[in-house]
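# A closer look at the structure
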Number of protein chains: 2
Amino acid sequence: MAEYEHTCMIRGDGGRTLRAVLDRICNKWTLLIVATLDQGSLRFTDLHDQVPGISQRMLTLTLRNLERDGLVSRTVHAEVPPRVEYALTPTGKSLIPPALALAGWAIENVAHIEASREAYEART
Amino acid sequence: MAEYEHTCMIRGDGGRTLRAVLDRICNKWTLLIVATLDQGSLRFTDLHDQVPGISQRMLTLTLRNLERDGLVSRTVHAEVPPRVEYALTPTGKSLIPPALALAGWAIENVAHIEASREAYEART
DNA sequence: CAGCATCCACATGGATACTG
DNA sequence: CAGTATCCATGTGGATGCTG
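In this text, all values refer to a predicted model and were calculated from it rather than measured experimentally.

### Examining the pattern of salt bridges
If you walk through the whole model with that rule in mind, you get 18 salt bridges over all chains. The partner of Arg 68 of chain A in a salt bridge is Glu 121 of chain B, with the nearest N and O atoms 2.8 Å apart. Of the two residues, Arg 68 of chain A is situated in helix H5 (residues 56-68) and Glu 121 of chain B in helix H7 (residues 96-123); the pairing between them involves two chains. For Glu 121 of chain B, a relative accessible area of 38% gives the class partly exposed. Between Arg 64 of chain B and Glu 67 of chain B there is a salt bridge whose closest N-O contact spans 3.9 Å. Taken together, the residues span about one helical turn, with Arg 64 of chain B and Glu 67 of chain B both in helix H5 (residues 56-68) at a distance of three residues.

Spelled out as structure tokens, the structure:
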């Protein structure tokens, strides 16, 4: 537990690198879409159906950002009606393990956090 | 790589659990403060000095949220001038490993992401 | 020292309507 | 089918000034 020197990975450059990446990942939909695409390639409407509650606008925006960052590939098939397939790139796939680590922590600790929060509110 | 069924940890309840936690963690300062406190307990001014660029307001807000969620403890010493010590709780400490996993991914892939982003902009 | 209060700028994201 | 366009509500966070 005394290995706090490893946190220099986080604090490193004042947190700039970590934050540059977090900014792209920690919005409302990104991780959900990445996790959904881990099944394999999907088209726009499939994603819209499988990610509950997302609007067309946010799905489009999030996919564009993922494409920009090279985490998701977008292939347009020249057909009528149009067919567009979205899939994770290798870089996108590599995000899954750390994302799972965080999700695991979230699931293990959400009860404790929620309880602590309610106790705090009650105190105030 | 065919173990995509594990991403149900992320998608599980439509991502609600993960997002409930991400919302508390993925703001501008939380992970930076947690990483800084991994060294041991620090007082307000020390934190303000060690986290470059943070304002008093955001330091206060972030610490209050961390205290609410039970990730950071706040102990006031009845002295003059006042002395307040902030430290990670066990729950707070347990966030470090998954945070490091994400930071590691960020550091490994930031160059590729940045390059992809520039290529994308150039294309447009 | 360790904050709280106030004001303000900007980004995120939701709802709705329209299109090649 | 796979988007785009527009409008708008809310949240996040920065600057500044004041206080027990």
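Structure shown, so let's carry the discussion forward.
### Looking at the interface of chain A and chain B
Of the residues lining the interface, 58 residues belong to chain A; the matching set on chain B comes to 58 residues. A buried area of about 5,700 Å², summed over both sides, lies between chain A and chain B, and 68% of it is on carbon and sulfur atoms. Counting across the chain A and chain B interface gives six salt bridges. Summed over the shared surface of chain A and chain B, the number is 19 residue pairs in polar contact (both at pLDDT 80 or more). When residues of the side of chain A that touches chain B are traced back to their parent elements, those giving at least two are helix H1 (8-11), helix H2 (16-25), helix H3 (30-37), H5, helix H6 (90-94) and helix H7 (96-123) of chain A. Of all the elements, H7 of chain A adds the most residues to the side of chain A that touches chain B, at 20 residues. Residue composition of the side of chain A that touches chain B, grouped by class: 28 nonpolar, 17 polar and 13 charged.

### Thoughts on the protein's contact with DNA strand C
Around DNA strand C sit 19 residues, and of these Lys 28 and Arg 57 of chain A together with Thr 45, Arg 74 and Tyr 86 of chain B come closest. Here DNA strand C approaches the protein such that, of its atoms within 4 Å, sugar and phosphate make up 62%. Within the side chain of Arg 74 of chain B, one N or O atom sits 2.7 Å away from a phosphate oxygen of DNA strand C. Between DNA strand C and Val 84 of chain B, the relevant distance is 3.4 Å, taken from a phosphate oxygen to a main-chain nitrogen or oxygen of the residue. Counting only elements with at least two residues in the surface near DNA strand C, the list comes to H5 of chain A together with helix H4 (44-50), H5 and strand E3 (83-88) of chain B. Here the element with the most residues in the surface near DNA strand C is H5 of chain B; it accounts for four residues. The residue makeup of the surface near DNA strand C, split by class, is eight nonpolar, four polar and seven charged.

Cut-offs applied
Residues numbered from 1 in each chain as written. Chains lettered and ligands numbered in written order. Predicted model: local features only at pLDDT ≥ 70, side-chain atom pairs only at ≥ 80, totals over all residues. Heavy atoms only, no water. Salt bridge = Lys/Arg side-chain N within 4 Å of Asp/Glu carboxyl O. Helix = DSSP H or I, 4+ residues; strand = E, 2+ residues; numbered from the N terminus. Buried < 20%, exposed > 50% of the residue type's maximum accessible area, 1.4 Å probe, protein only. Contact = heavy atoms within 4.5 Å. Buried area = accessible area lost by both parts, 1.4 Å probe. Polar contact = N/O pair within 3.5 Å; in protein donor to acceptor, adjacent residues only side chain to side chain. Nonpolar A, V, L, I, M, F, W, Y, C, P; charged D, E, K, R; others polar. Near = heavy atom within 4 Å.

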